[in-house]
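Given next are the chains, with one letter for each unit.
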Amino acid sequence: MYPDDLKYSKEHEWVRMNGNIAEIGVTVFAEESLGDVVFVDLPKAGTDVGQFAKFGEIESVKAVSDLFSPVGGKIVEVNAATTDSPEVVNEEPYGTGWLIKVEVADASQLDELMDSATYQATLE
Amino acid sequence: MASSVNTSVNHPYIPSTDSERAEMLDVIGVDSLDGLLGDIPVEHRHPKLDIDAGLSEQELSTVFGSIAAENASSSSGYISFLGAGSYSHYIPSTVRSILQRGEFVTAYTPYQPEAAQGTLQVGFEFQTIICQLTGMEVANAGMYDGPTAFAEACLMAARVTKRTKIGVLSTADRRLPDTLLAYSKYQGIEIVEISADATEIPDDLACVGVQSPNFFGEIEDVERLTNLAHTNGALSVVHVNPTALGMFKAPGEFDVDIVTAEGQPLGVPMAFGGPYVGLFACKKVHIRQMPGRIIGRTTDTKGRIGYALTLQTREQHIRRERATSNICTSTQLIGLMVTVYTATLGKRGMQDLANLCYQKAHYAASEINRLDGFSVESLGSGGTFFHEFVVTCPSSPSKINAVLLDKKIIGGLDISDRSDSGMLVCVTETSSKADIDKFVQALSEIGASV
Amino acid sequence: MTISANAGDIDRRLLMDRSVSGRKAFTLPESDVPAQDLPSSSFLRDDVELPEVSQLEVIRYFSVLSQLNFSIDTNFYPLGSCTMKYNPKINDELSNLPGLADIHPLQPDETVQGAIKLLKNLQDDLGEITGLPGVSLAPLAGAQGEYAGLLIARAYHNARNDSTRTVAIVPDSAHGTNPASAAMAGLEVVTVRSDDQGNVDVENLRELANVNTAVFMLTIPSTLGLFEPNILELTKIIHDVGGLVYADGANLNALLGLVKLGDLGVDICHSNLHKTFSTPHGGGGPGSGPVMVTDELAKFLPKPVSEKTDTGYVLATPEMSVGSINGFHGSFSIAARAYAYIKALGLEGLQSVSENAIISANYIQAKLRDKYDLAADRYCMHETVLSATRQKKGGVSGLDIAKRLLDFGIHAPTMYFPMIVDEALMVEPTESESKETLDHFIAVMRQIDDEVDSAPELVHEAPHDLPVTRLDEATAARKPVLRWTADL
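These figures come from a predicted structure and were not determined experimentally.

Draft legend 1. View of the pairing of strand β7 (residues 64–68) of chain A. All names here are of chain A. Looking at chain direction, strand β6 (residues 54–60) and β7 are connected through 5 bridges and run antiparallel. Note on β7: the bridge partner recorded for G56 is L67. The antiparallel pairing of β6 with β7 creates a hairpin that spans 3 residues between the two strands.

Draft legend 2. Structural context of the confidence of the model for chain C. On average, residues of chain C carry a pLDDT of 95, and 100% of them reach 70 or more. Per the prediction output, this complex has pTM 0.95; the corresponding ipTM is 0.96.

Draft legend 3. Representation of empty space enclosed by the protein. Residues and elements named next belong to chain B. For the coordinates displayed, the defined rule picks out 9 cavities of 30 Å³ or more. The computed volume of the largest cavity comes to approximately 220 Å³. If you go around the largest cavity, you meet 22 residues; those closest to its centre are G85, Y87, Q211, H239 and N241. Among the elements of the structure, α6 (146–161), α7 (175–184) and β6 (235–240) are those that each provide at least two residues to the lining of the largest cavity. A per-class count over the lining of the largest cavity returns 10 nonpolar, 8 polar and 4 charged.

Draft legend 4. Inspection of the interface of chain B and chain C at higher detail. The interface of chain B with chain C comprises 189 residues on the first partner and 197 residues on the second. Carbon and sulfur atoms supply 63% of the area buried between chain B and chain C, which totals about 16500 Å² over both sides. Across the chain B-chain C interface, the total number found is 7 salt bridges. Where K343 of chain C meets D52 of chain B, a salt bridge forms, and the shortest distance between an N and an O atom there is 3.5 Å. Linking chain B with chain C are 84 residue pairs in polar contact (both at pLDDT 80 or more), by the criterion used here.

Draft legend 5. Representation of the side chain of E262 of chain B in the model. All names here are of chain B. With respect to the element layout, E262 can be found in strand β7 (residues 258–262). In this structure, E262 is buried with no salt-bridge partner, the nearest side chain bearing the opposite charge being R175 at 5.8 Å. Within the local environment of E262, its side chain forms a polar contact with the backbone nitrogen of G146, the two atoms lying 2.8 Å apart. Looking at E262, its side chain comes within polar contact range of the main-chain nitrogen of Q264, at 3.1 Å.

Draft legend 6. Layout of the sheet that holds strand β5 (residues 205–212) of chain B. Residues and elements named next belong to chain B. The sheet built from 7 strands is open, its strands ordered β2-β8-β7-β6-β5-β3-β4 with mixed pairing. Of all the strands in the sheet, just β2 (138–139) and β4 (190–194) have a single pairing partner and so form its edges. For strand β3 (residues 165–169) and β5, the ladder comprises 4 bridges, and the chain directions are parallel. For V168, the partnering residue across the bridge sits in β5 and is G209. Against the sheet, α6 touches β3, β5, β6, β7 and β8 (278–282), its axis set at about 165° to β7.

Draft legend 7. Local environment of the layout of surface pockets. Here the second largest pocket is characterised by a volume of approximately 1600 Å³. Taken together, 48 residues make up the lining of the second largest pocket; nearest its centre are F39, D41 and E57 of chain A together with R288 and Q289 of chain B. Counting only elements with at least two residues in the lining of the second largest pocket, the list comes to β4 (37–41), β6 and α2 (81–84) of chain A, α6 of chain B together with α7 (177–184) and α15 (473–478) of chain C.

Draft legend 8. Examining the interface of chain C and chain A more closely. In this assembly, 5 residues from chain C lie in contact with 9 residues from chain A. The largest per-residue losses of area from chain C upon contact with chain A belong to E473, A474 and R478 of chain C, which jointly make up 78% of the total buried on that side. Our count for the chain C to chain A interface comes out at 2 salt bridges. Linking K62 of chain A and E473 of chain C is a salt bridge whose minimum nitrogen-to-oxygen distance equals 3.4 Å. Classifying every residue of the side of chain C that touches chain A gives 2 nonpolar, no polar and 3 charged.

Definitions and cut-offs
- Residues numbered from 1 in each chain as written.
- Chains lettered and ligands numbered in written order.
- Predicted model: local features only at pLDDT ≥ 70, side-chain atom pairs only at ≥ 80, totals over all residues.
- Heavy atoms only, no water.
- Pairing = 2+ DSSP bridges.
- Helix = DSSP H or I, 4+ residues; strand = E, 2+ residues; numbered from the N terminus.
- pLDDT = per-residue confidence, 0-100.
- 1 Å grid on protein atoms, 1.4 Å probe; cavity = no way out; pocket = protein on both sides within 12 Å on 5 of 7 lines; lining within 4 Å.
- Points joined across faces, edges and corners; volume = space filled by probe spheres on them.
- Nonpolar A, V, L, I, M, F, W, Y, C, P; charged D, E, K, R; others polar.
- Contact = heavy atoms within 4.5 Å.
- Buried area = accessible area lost by both parts, 1.4 Å probe.
- Salt bridge = Lys/Arg side-chain N within 4 Å of Asp/Glu carboxyl O.
- Polar contact = N/O pair within 3.5 Å; in protein donor to acceptor, adjacent residues only side chain to side chain.
- Buried < 20%, exposed > 50% of the residue type's maximum accessible area, 1.4 Å probe, protein only.
- Lys, Arg positive; Asp, Glu negative; His and termini not counted.
- Axes fitted to C-alpha atoms, helices over the stretch in contact; angles between N-to-C directions.

Structural data, given as structure tokens:
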């Protein structure tokens, strides 16, 4: 449910690092709380985002939540699949349901995120 | 201080009897209602109210009969040439008949779609009809009225373009920018008047708001104004008359971004100003910024077709302070009236109706124009008008109207504040040739003598 | 080919699917004036796509659709905060009298004295009931009434040259329109907590109230159906910092003749005529949301306000009016219905409304509290908030219970509101319902609770017996289909 190789923010986003690119999405807790995701509002590639700043919104039938980036940097890629098939966020929140990829400016920001065990403890 | 305490009266609208109340209080575990009112400050309980005693249905009918008799209308033998945003049209028997159905009238907002497929399918038909009339891609299920729909459209344009200046053409009904002002005054919005023949506009407008037919009854050049807006990065917001759309080009043909209208002409009584329904349609690309309820088609667990409110995350009950609008209860039943009306008139009826209004209005205009001292500029302007036109009178329109009233004629609206000695006259299918001739005759007698 | 006999099947085809070229449902008279020149064809549309059906088809289509609805006329609707009471038929009849339905809003005042007098009398009655004598009937719904109230609050502070007033304090239990209206009025929304009794936390309000407070928005009784025991202290806290108190009057059905909002320190309120005053919900409107204020604030009311002068009744604009919030004078025929209702009930009838509404809600609460958690363990007013937390542990949510009620012909209560209560089910029976109806509702709720253990899938998959089962709202939002097209 909460892979060990990822880092987590308290706003229920996860980060997977590939070199200095951070792949970011929402956790199982987030997508289960929302229910069926119907729309994801993401910025354009090339936009800068600060750590813990809002970068978009995610909507289900009955709720809307802000999305906050766990790390700061330039957004280099945005997952186009979420436009036509927002349900991928529910189906594979850690896989094909990723949201944005950020070129991380300051790697030390990762230290401020939680590991899987710590994050799960916050859910109780 | 204390008036009647725990002495509920028997009334047709309140079924509980004394013994039933006693039984319920016993179950609750209190001696009397006062036992349940503990949190209400004692000194303020059971205030004296200066309200009359209740009336029987028969007495109530008499009261209302007297009230109605004090008003002048077609039912008391008056003919009227008032328009300016509320219009006299014949309402077919089908509309009144369907409105008798308590299942529509006394239903709640369709938040539980399984229990509201009637309301929802009607709303879907309403959305369809608005798209068909306006030529636009999507429509919502209705707003309060025309002017608030226009205000919401301008605010939507501001959200979409992220600009704060709204342009409104000078020929629009003042009620449009007035309502917009009330809605926008604390949102950092500036309203700018654009001259109707402007060839340039500020390059920071969120939208150009146009009314066509305009307040003076004339058709605006929507295509030109839309191009002008788009060239400057602004949206085109056009406020139309739905009856005219039976005959005149739909705004959707001109790449307009948002269309609004007053829906009252489509089967809704004038009723001293309300309730009406605001029509709202836009391009599909803007749908997430559209205010109001939207009804979508879908399927149930068995694959059967059904309808439900959709895209609800735009609305106040979910997004609260970030909602596209605070609108909650709107005008669903009026939307039903519009839907039944338009289904009844149908393709042919809407075309014939528009033509009939046009014919009678143009006849009246040309007859009035021939009178000494009166002129109708729209006749010679090279443009065209639908069913309203301005008459320039030889003297004060208000004084003329006062004399007309004695002849049981309600004249057009005195608009001399916007057009010298101007009277805005409207003629619909409800005016016969005899009515028009009587009006013209009366004007010629009044002439310059007032 | 055999046609299967399915009298229960409902034809859901849309009008355009039934349309046959050449059919019509209506004829207009021929033109009786000499033929006029048409404008150039560049102005005219080539065609308009609209249905072509017969008149019987129109009547049959809409009649069949109406039968797919629940309604007050046919079903019990215990919807909390909506006050789904009987909509008297005489009100519909009287408001449609020709002298009331056929009058134009811009007719000279002297030709509509009856209409303006009706509005003035209704203003007076509403002012008397709420204890706030300045009344405008202009707002077209509760949300417009709220917005008008906030405009008045801002105008009041502007007139005092106080530009620091930028905050609206709103309880966490508030209806969504409250913060939405506050945002429209350019006010920053600051949330005050509710305590564990469901009341506004007095100390938290004391901390939050300061010179920036423009207005405190409070629903009375609260959205939990409870009367604030500290109401006088709450309003004093706000007045002490120079702010105004706005009461959301959606729940006025609990207070008629029992207490006046004006006596409690409220400065501005709105009322929903389509709730408390019996005007029909219409499937989502039209409503009417009059705004009522103290004498001091009356000069800011939105136009028009009906007045009686020496020469007769007039529609007037208050001297510092916040302006026009819509096109004309408000929902006149809704106002006419509310006026008929008040006149039919009279003083004692109005008091009886609230008394019975309160007794009926407490009766339901008393009979269900052993099976359903209560949001607050005390007597309620006209509505009770139950929580389906126990049932949720058994795997059945408030939503499931609401849907299962539909199978019994009872509309669901208000769900998931207020947001501060888990699995909330807000039940408001109103004074219109008989004890048998209440007892039946109680029995059904108790049975559904049994079903949580004995037959949970019956509840999970409810409703079973309606024209549709649960709808795929996710697809409706992902791939919106919002109008008929030929390829549907």
